Amino acid sequence: MNILSSKPTRPSMWTIFSSPTLSLASAPKSLPCPSISAFSVVHTYPPPPMGSLDSAFIQEAGHRPNLKMVEGEGIPLIDLSDSPARTREELASEIGNACKKWGFFQVINHGVPLGLRRRVEELVKEFFDQPLEEKTKVKRDEVHPMGYHDSEHTKNVRDWKEVFDFFLQDPTLIPALSHPEDKSLRKLTNQWPQNPPQFRETCEEYAREVEKLAFKLLELISLSLGLPADRFNGYFKEQTSFLRFNHYPPCPQPELALGVGRHKDGGALTVLSQDSVGGLQIQRRSDGEWISISPTPDAYVINLGNAMQVWTNDLYWSAEHRVVVNTEKERFSIPFFFFPGHHVSVKPLDEITNEENPPKYKEFNWGVFFATRNRSDYKKQEVENIQIDHFKVSE
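My aim in this report is to walk through the structure given alongside it, one point at a time. Worth saying up front: this structure is predicted, and the values here are computed from it rather than measured.

## Focus on the pattern of salt bridges
Per the stated rule, a full pass over the model turns up 21 salt bridges. Among the ionic pairs, lysine 135 bridges to glutamate 162, the shortest N-O distance being 2.9 Å. With lysine 135 in helix α3 (residues 132–135) and glutamate 162 in strand β8 (residues 162–167), the pair connects residues that are 27 residues apart, well separated along the chain. In this structure, lysine 135 and glutamate 162 share a single accessibility class: buried.

## Observations concerning the sheet that holds strand β18 (residues 331–338)
In spatial order, the strands read β3-β4-β16-β13-β18-β11-β8-β5; together these 8 strands make up an open sheet with mixed pairing. Two strands in the sheet have a free side with no partner beyond their single neighbour: β3 (77–79) and β5 (147–149). Sheet twist, expressed as the average angle between the axes of neighbouring strands with direction ignored, equals 25°. Most of the contacts of helix α1 (residues 88–101) go to β3, to which it runs at about 165°, and overall it touches β3, β4 (104–108) and β16 (300–304).

## Things to note about the pairing of β4
The buried fraction of β4 is high, at 4 of 5 residues. Pairing of β4 with β16, which is carried by 4 bridges, proceeds in the antiparallel orientation. When the bridges of β16 are listed, phenylalanine 104 appears paired with asparagine 303.

## Some details on the environment of isoleucine 334
By the element assignment, isoleucine 334 lies in strand β18. Assessed through its relative accessible area of 5%, isoleucine 334 is described here as buried. When residues no more than four places from it in sequence are discounted, the contact partners of isoleucine 334 are Val120, Glu121, Val124, Tyr206, Arg244, Phe245, Val271, Leu272 and Ser273.

## Overview of the sheet that holds strand β14 (residues 280–283)
Strand order in the open sheet formed by 4 strands is β12-β17-β14-β15, and the pairing between neighbours is antiparallel. The open sheet has two free edges, formed respectively by β12 (260–263) and β15 (290–292), since each of these has just one partner strand. The average angle at which neighbouring strand axes cross in this sheet is 20°, direction not considered.

## Some details on the packing of aromatic side chains
This structure, assessed with the given rule, holds 33 aromatic pairs. Between phenylalanine 164 and phenylalanine 166, the aromatic rings sit 6.4 Å apart at their centres with planes inclined by 40°, giving tilted as the arrangement. On the numbers, 5.0 Å between centres and 40° between planes, the contact of phenylalanine 364 with phenylalanine 369 is tilted. Like phenylalanine 364, the residue phenylalanine 369 is buried in the burial classification. Of the aromatic side chains, those joined through ring pairs into one cluster are Phe127, Phe128, Tyr148, Phe164, Phe166, Trp192, Phe199, Phe245 and Phe332. When the ring centre of tyrosine 300 is taken as origin, the NZ or CZ atom of arginine 117, which lies over that ring, is 4.3 Å away. Over the aromatic face of tryptophan 317 sits the side chain of lysine 264, whose NZ or CZ is 4.0 Å from the ring centroid.

## Some thoughts on helix α6 (residues 366–374)
Buried residues dominate α6, accounting for 9 of its 9 residues. By the burial criterion, the buried members of α6 are Trp366, Gly367, Val368, Phe369, Phe370, Ala371, Thr372, Arg373 and Asn374. Capping the start of α6, asparagine 365 holds a side-chain oxygen 3.0 Å from the backbone nitrogen of glycine 367, two or three residues further along.

## Thoughts on the nonpolar core
Grouped together as the largest cluster of nonpolar side chains are 76 residues, with contacts concentrated most on Ile95, Leu217, Phe245, Val271 and Trp311. Counting residues per element, this core draws most heavily on helix α4 (residues 199–224), which supplies 11 residues.

## A few points about the packing of α1 against α4
Running from N to C, α1 and α4 cross one another at 85°; their axes reach a closest spacing of 8 Å. Comparing the axis directions of α1 and α4 gives the class roughly perpendicular. Here α1 contributes Arg88, Leu91, Ala92, Ile95, Gly96 and Cys99 to the contact with α4, which in turn contributes Leu217, Glu219, Leu220, Ile221, Leu223 and Ser224. For the contact of α1 with α4, the class distribution of residues is 8 nonpolar, 2 polar and 2 charged.

## Some points on the side chain of glutamine 106
Within the secondary structure, glutamine 106 sits in strand β4. Engagement of the side chain of glutamine 106 in a polar contact is seen with the side chain of threonine 296, the distance being 3.3 Å. Setting aside anything within four residues of it in sequence, one finds glutamine 106 in contact with Ile75, Pro76, Leu77, Ile78, Ile293, Ser294, Thr296, Ala299, Tyr300 and Val301.

## Overview of the environment of isoleucine 282
As for its position among the elements, isoleucine 282 is in strand β14. For isoleucine 282, a relative accessible area of 0% corresponds to the buried category. Isoleucine 282 sits 207 residues away from isoleucine 75 along the chain, and the two C-alpha atoms are 9.6 Å apart. Setting aside anything within four residues of it in sequence, one finds isoleucine 282 in contact with Ile75, Trp102, Phe104, Glu289, Trp290, Ile291, Ile293, Glu320 and His321.

## Focus on the side chain of asparagine 313
Relative to the elements of secondary structure, asparagine 313 occurs in the loop between α5 (306–311) and β17 (321–323). The exposure class assigned to asparagine 313 is buried, which follows from its relative accessible area of 2%. Within polar-contact distance, the side chain of asparagine 313 engages the side chain of asparagine 357 at 3.0 Å. Beyond its immediate chain neighbours, meaning those up to four positions away, asparagine 313 contacts Pro348, Ile352, Thr353, Asn357, Pro358, Pro359, Lys360 and Tyr361.

## Description of unusual backbone geometry
In this structure, proline 171 follows aspartate 170 across a cis peptide bond, with omega equal to 5°. Relative to the assigned elements, proline 171 resides in the loop between β8 and β9 (172–175). Each neighbour pair has its own omega, and for asparagine 195 with proline 196 the value is 5°, a cis peptide bond. Along the chain, proline 196 falls in the loop between β10 (185–188) and α4.

Criteria and cut-off values
- Residues numbered from 1 in each chain as written.
- Predicted model: local features only at pLDDT ≥ 70, side-chain atom pairs only at ≥ 80, totals over all residues.
- Heavy atoms only, no water.
- Salt bridge = Lys/Arg side-chain N within 4 Å of Asp/Glu carboxyl O.
- Helix = DSSP H or I, 4+ residues; strand = E, 2+ residues; numbered from the N terminus.
- Buried < 20%, exposed > 50% of the residue type's maximum accessible area, 1.4 Å probe, protein only.
- Pairing = 2+ DSSP bridges.
- Axes fitted to C-alpha atoms, helices over the stretch in contact; angles between N-to-C directions.
- Contact = heavy atoms within 4.5 Å.
- Phe/Tyr/Trp six-rings, centres within 6.5 Å; stacked < 30°, edge-to-face > 60°.
- Lys NZ or Arg CZ within 6 Å of the ring centre and 35° of its normal.
- Polar contact = N/O pair within 3.5 Å; in protein donor to acceptor, adjacent residues only side chain to side chain.
- Core = buried A, V, L, I, M, F, W, Y, C linked by side-chain atoms within 4.5 Å.
- Parallel < 35°, antiparallel > 145°, perpendicular 65-115°, else oblique.
- Nonpolar A, V, L, I, M, F, W, Y, C, P; charged D, E, K, R; others polar.

Right under this line is the structure:
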């Protein structure tokens, strides 16, 4: 899920109304995703030899990574364990401060069973270690958007990675987007590989545990705003949340490519498990500097998404972030994207806005926003993808 750092140009394909509905009258028709064989010569994993990086992966000069570690204050590390020396409200305040300053923090003593997490990590590596023809048996496309994919684009540049995605709720409903007046829904289902054994069962068990953590964090964020703990919970009925397994192979020219290009996540929050290799960088809110997030053993990295930034009327921050790669080590990460239901209308909360703090965003439908953004994963677009800045209220 992506958003430009600079002020975006409004895409001509979109007409945005004050009502919570996007117009898709002039949206381009969906094109079939290129078959994996179309990329098999230069886009296979492991990567091509040194010096042969395909131009599809090369970032524009102004967005190429600085591979040197930037020293600076790290994002907060927050202990979620019960403590008689700290009330729940004090914990919520600590999280709220992190949401204002960084939009990122790490949590320990989070309650997700470590043994289960280790089993998932082993299965993820085992899945990606399989031959390409085995992985592409569950190949993802615009008709079946869950499964394996190795040609995802961020900001119209191909990412140096391969992924496997699955919805938390199976099936999941999203808008069909066939016509602006069409209110029909698409029923999307997961694709599961036959190998490794127990892959589906273990992944689904892990997803339920991470969901519990996401709801716990959501309630603490709500308390940090002075709202009831369950203020946001209703938005996640029939949620569109999904989990992703990322594999970043060694890259021959990491100074030119990114594992994931600069972007902001779209939903409420993301719960990320990363390995010890590192590579995640975030853009500091205070000065725009790119800061590396050093892995903390057994911790989860938490970041806010666009929906939370809109709900809080810019009080809390959805930080731009990216992933750098290297020439020697592969990297794995597992993000859980905590997304509202397709029916949810996203706008600044009434409890937060007033005459002194008027709404900074127009209302929009989450399902349409999510389904439209998903289109850009498969091919280079002629216009900028839809962003929350397109819903900004003119000052």
